[in-house]
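# Close look at the chain arrangement
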Amino acid sequence: MIFRRRLVTGACTLLAALTLGLVPTGVATAEPTSDKDAPKVELTLDVSGSMRKRDIDGKSRMAAAKQAFNEVIDAVPDEVQLGIRTLGAHYPGEDRQVGCKDTRQIYPVGPLDRTEAKTAVATLAPTGWTPIGPALMAAADDLEGGEGSRRIVLITDGEDTCAPLDPCEVAREIAAKGINLTVDTLGLVPDAKTREQLSCIAEATGGTYTSVRRTDELSDRVSQLVDRTADPIAVPVATEGAQQCSEAPRLRPGLYTDREKFGQHRFYRVDVAPGQELRASVSIGADRAVDNDYGVLLRAVTVHGREIVRGSEAGDGRTDLISTGLRYPKAQADDDEDEDEDGESAKETVCLQVSNSFSAPASVKREPGLPVELTIDLVDGPDEASDVASFGLGRGWWLLGVLALTGLLAGLLWGWLSRWNDAARRTN
Amino acid sequence: MRLTRMMAIAVLSCAAALTFTGTAVADTPSPDAGDSSAGPTRAGTGFRDAPAVPPGQSATASASSGDYLYWAFPVDAGQRATMKAKVTLPESSARHGEATWRIDVYDGLRRRQPCMYGMQSRVAAQDAESVELSCTVRTVHSLADPWSDHPLPGSYYLRLTVTDAPEKDLGLPVRAQVEATTKNAGGAHAVDGALSTPLVPGASVEDGQNEKDDGEPSPSATRQTASATVEPEDGWSSGWWSDRWVWTVAGGVLTLLFGLGGYRLARGPARPSRIPPGA
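Residues numbered from 1 in each chain as written. Chains lettered and ligands numbered in written order. Predicted model: local features only at pLDDT ≥ 70, side-chain atom pairs only at ≥ 80, totals over all residues. Heavy atoms only, no water.

### Concerning the overall build of chain A
Within chain A, the regular secondary structure consists of 9 helices and 15 strands. Taking all 428 residues of chain A together, 53% fall into the buried category. When contacts within chain A are restricted to residue pairs at least 6 apart in sequence, long-range pairs at least 24 apart make up 76% of them. By element, 54% of the accessible surface of chain A is carried by carbon and sulfur atoms, the whole surface being about 19700 Å². (Helix = DSSP H or I, 4+ residues; strand = E, 2+ residues; numbered from the N terminus. Buried < 20%, exposed > 50% of the residue type's maximum accessible area, 1.4 Å probe, protein only. Contact = heavy atoms within 4.5 Å. Areas by Shrake-Rupley, 256 points an atom, 1.4 Å probe, with all protein chains shown as cover.)

### Section: the overall build of chain B
For chain B, the count of helices and strands is 4 helices and 10 strands. Counting from the amino terminus, chain B carries its helices and strands in the arrangement α-β-β-β-β-β-β-β-β-β-β-α-α-α. Burial status across chain B gives 53% buried among its 279 residues. Partitioning the intrachain contacts of chain B with sequence separation of at least 6 by distance along the chain shows that 72% fall at a separation of at least 24. Working note: accessible area of chain B is about 11900 Å², and carbon and sulfur atoms make up 56% of it.

### Re the packing of helix H5 (residues 132-142) of chain A against helix H6 (residues 167-176) of chain A
Residues and elements named next belong to chain A. Taken N-terminus to C-terminus, the directions of H5 and H6 make an angle of 15 degrees; their axes are 8 Å apart at the nearest point. Considering their axes alone, H5 and H6 lie roughly parallel with respect to each other. Note on packing geometry: the crossing formed by H5 with H6 is right-handed. Packed against H5, whose contacting residues are Ile 132, Gly 133, Leu 136, Met 137 and Ala 140, the element H6 presents Pro 167, Val 170, Ala 171 and Ile 174 at the interface. (Axes fitted to C-alpha atoms, helices over the stretch in contact; angles between N-to-C directions. Parallel < 35°, antiparallel > 145°, perpendicular 65-115°, else oblique. Left-handed = near helix turned anticlockwise from the far one by under 90°.)

### Observations regarding the domain arrangement of chain A
All names here are of chain A. We note that the domain assignment places domain 1 (40-230) and domain 2 (237-332 + 345-380) within chain A. Its C-alpha centre places domain 1 at a distance of 35 Å from the equivalent point of domain 2. Tallying the contact residues gives 6 residues for domain 1 and 7 residues for domain 2. When the two sides are added together, the surface that domain 1 and domain 2 hide from each other amounts to roughly 660 Å², 49% of it contributed by carbon and sulfur. Broken down residue by residue, the surface that domain 1 buries against domain 2 is led by Arg 172, Ala 176 and Glu 203, which jointly contribute 63%. In this assembly, domain 1 and domain 2 are joined by 2 salt bridges. (Domains from an automatic or database assignment. Buried area = accessible area lost by both parts, 1.4 Å probe. Salt bridge = Lys/Arg side-chain N within 4 Å of Asp/Glu carboxyl O.)

### Digging into the packing of aromatic side chains
Going through the model one piece at a time under the given rule, you end up with 7 aromatic pairs over all chains. Here the aromatic rings of A:Trp414 and B:Tyr263 are separated by 4.1 Å at their centres, their planes lie at 35 degrees, and the arrangement is tilted. Residue A:Trp414 is found in helix H9 (residues 397-427), and its partner B:Tyr263 is found in helix H4 (residues 244-267); the two belong to separate chains. With a centroid separation of 5.0 Å and an interplanar angle of 80 degrees, the aromatic rings of B:Phe47 and B:Tyr157 are classed as edge-to-face. You can see B:Phe47 sitting in the loop between helix H1 (2-27) and strand E1 (58-64) and its partner B:Tyr157 sitting in strand E9 (residues 154-164), a full 110 residues away along the chain. Given the relative accessible area of 5%, B:Tyr157 is considered buried. The structure contains a cluster of three or more aromatic residues connected by ring pairs, namely B:Phe47, B:Tyr70, B:Tyr106 and B:Tyr157. (Phe/Tyr/Trp six-rings, centres within 6.5 Å; stacked < 30°, edge-to-face > 60°.)

### Comments concerning a nonpolar patch on the surface
All names here are of chain A. There is a patch of nonpolar side chains on the surface, built from Leu 413, Trp 416, Leu 417 and Trp 420 and spanning about 520 Å² of accessible area. Tracing the sequence through the fold places Leu 417 in helix H9. Since its relative accessible area comes to 48%, Leu 417 is described here as partly exposed. (Patch = residues over 30% accessible without salt bridge, like charges linked within 9 Å, V, L, I, M, F, W, Y side chains within 5 Å.)

### Describing the confidence of the model for chain B
Residues and elements named next belong to chain B. Confidence in the prediction for chain B averages 79 pLDDT; 74% of positions are at 70 or higher. Long-range and interchain partners of residues 12-36, a stretch whose pLDDT sits below 50, account for 32 contacts in this model, where long-range means more than four residues apart. Across residues 206-227, confidence stays below pLDDT 50; counting only partners more than four residues off in sequence or on other chains, it has 60 contacts. For this predicted complex, the interface confidence reaches an ipTM of 0.84, while the overall pTM sits at 0.83. (pLDDT = per-residue confidence, 0-100.)

### Quick notes on the state of the cysteines
Counted under the stated rule, the structure contains 3 disulfides over all chains. Put simply, A:Cys245 and A:Cys351 are joined by a disulfide, and their sulfur atoms are 1.8 Å apart. Across the S-S bond of A:Cys245 and A:Cys351 the torsion is about -75 degrees, and the bridge reads as left-handed. Pair noted here: A:Cys245 is in the loop between strand E7 (237-238) and strand E8 (254-260) and A:Cys351 is in strand E14 (residues 348-356), with a separation of 106 residues, a long-range link. The buried category is assigned to A:Cys245, whose relative accessible area is 12%. Between B:Cys115 and B:Cys135 runs a disulfide, and the two sulfur atoms are separated by 1.8 Å. Given an S-S torsion of about -100 degrees, the disulfide between B:Cys115 and B:Cys135 has left-handed geometry. Here B:Cys115, found in strand E6 (residues 115-117), pairs with B:Cys135, found in strand E8 (residues 130-137); they are 20 residues apart in sequence, far enough to count as distant. (Disulfide = S-S within 2.5 Å.)

### As for the side chain of A:Arg266
Residues and elements named next belong to chain A. With respect to the helices and strands, the residue Arg 266 is situated in strand E9 (residues 265-272). Residue classification places Arg 266 among the buried positions, given a relative accessible area of 10%. Reaching out from Arg 266, the side chain makes a polar contact with the side chain of Asp 258 at a distance of 2.9 Å. Every residue in contact with Arg 266, bar those within four places of it in the chain, is listed here: Glu 240, Gly 241, Ala 242, Asp 258, Arg 259, Glu 260, Leu 352, Gln 353 and Val 354. (Polar contact = N/O pair within 3.5 Å; in protein donor to acceptor, adjacent residues only side chain to side chain.)

### Focus: the UniProt feature "transmembrane region" (unreviewed entry) in chain A
The UniProt record marks residues 396-417 of chain A with the feature "transmembrane region" (unreviewed entry), using the residue numbering of this structure. Taken end to end, residues 396-417 of chain A is 95% helix and 0% strand, and its first and last C-alpha atoms sit 32 Å apart. (UniProt positions renumbered as here; feature names shortened; annotations may be inferred.)

### Points about the sheet that holds strand E12 (residues 307-316) of chain A
Residues and elements named next belong to chain A. With antiparallel pairing, 4 strands are arranged side by side in an open sheet as E9-E14-E11-E12. Both edges of this open sheet fall to E9 and E12, since each of them pairs with a single strand only. Neighbouring strand axes in the sheet, compared pairwise and without regard to direction, differ in orientation by 15 degrees on average. Both strand E11 (residues 293-302) and E12 contribute to a ladder of 9 bridges, which runs antiparallel. Within E12, the residue paired with Arg 299 across the bridge is Arg 310. (Pairing = 2+ DSSP bridges.)

Pasting the structure below:
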């Protein structure tokens, strides 16, 4: 009796120990290392005549901007290279031609000397026109070079006074260069038109728009934007997809950007070895005014045109992007099939087709296309499932009931058999 | 009589042992919901720069209404995540009408994931001080068909934005706080098979496959992981533990016990057959 109880308890302890032993253990993964170039920011400040207005905390807009700049310059992270550009700071005259070229870099993009930068800002006085478009172009040139992230922080209190060059178009062109440049805009006590223009500039480059009514809001936001530039971010590589799979660029794992027009599709090719899993995600940005309903389709197609798997998404309303993704695990090659085991020939070429169903009102420009962001990953294939349940294991009271009943029946049968056996032996 | 008592004791002690281990297992991976220690104090503006929020922590960010704010949370197999966001709205005097706020959840493949329940979108009245949103995504399985968009282990992105507001109200300062709580769904959701690596962007880089292919590594591969990824508290699960083991082993034990019981019942009182009755 005691022995039996011990046996049962022992079995249970064993079971408990087993279950505890089965608890998953942590898997350590190496920290990714990055050796990226210095992030660059150019603060672009409007110094036009309207900055004299005294409507921010009782001070003039210029004074608020200067105070904010001083605070920001003090707080710039060491790794960030900061430059300062002005617009409308030097030409006080009435000649529109001259006034619209009035943009100057007062502190070059580079390692920051805080005192010098502050001195440069201190001398500014509200003067001339508001040439936002030319200033953005010049600022983009200032930030050229290097691999790090780039950002223009535009601070203005009025709309561009230098038509017909639309600053929003300029911003879109800058973004289309594929140099990973973002424009964040801040409007000082903005009116409706200014707000619209600044929002448009921000939207075109994937930046943000903020309306500022107080000095502390201004310095907080600019500091935040400068800090954001220093944050680690994956930098994509520009590529150009083709209309046909046969002409498509071969992509390796990584992050890519492209441009795709309304109603256009693009093909890319990826080589997938047996036993590997292809993971692809695509995001198409809505960088301009688009119609309310839209969608994206990502298809993995064989070279012969058979669809393997697709990802699709549709949406409506205000959005920055629409994205989808897919996973294609290529089965492990059978042993008898891979005769030419040189690796290359066994790889399958998968065509990735990215199409969009964005549309826009007729007034919206079609060129350049919408920004496409494509990520490609190749990892080892999954452990394929052989059953619906984990390892084919069971679960639930029905399982216990069935097993108990089976045990009981087997026990009864065994008991009767041995009883019959005994009886038979005794008669003999 | 003695037999039944013995079996009862055995079953009870077994059940106790199993319950103990079961709870011990279930408790460890789920983060403490009450402890919302400070996580990141910023938000990303896209998938690429979304800051990773460690489990059980909450992230805060100050932003402008109209910004698209992104965060990334790690969710492992067998977990059901609930993403919560609270937005402190700008002063009502500065606003001109009601605004619709919304959260969207995307998985590591940037596929939008539906919310099983929760207020994913809410209209904030003009005089409202804050708006709270939540979204519970489907329980994450360790593997699914490539044709299915069922959630798989990996990073989950939360996007918070205003989808409808008066034009004048865009660009005003707001504060957002987000957190994700996870609950273990148990073995009922334990499916067979597992991904080789969780759906985390840039996973292929760690495999070193780029260098292996032909000398030159792909240019952006090294950068794709730059945005910090974070793991669940105990790392990504290897995927082979589930309480199905407990149930199945318990079933085996039960079979054995009932088998013995049935045997005793059918065999009659245990008595050496050599000894004659009454001796």
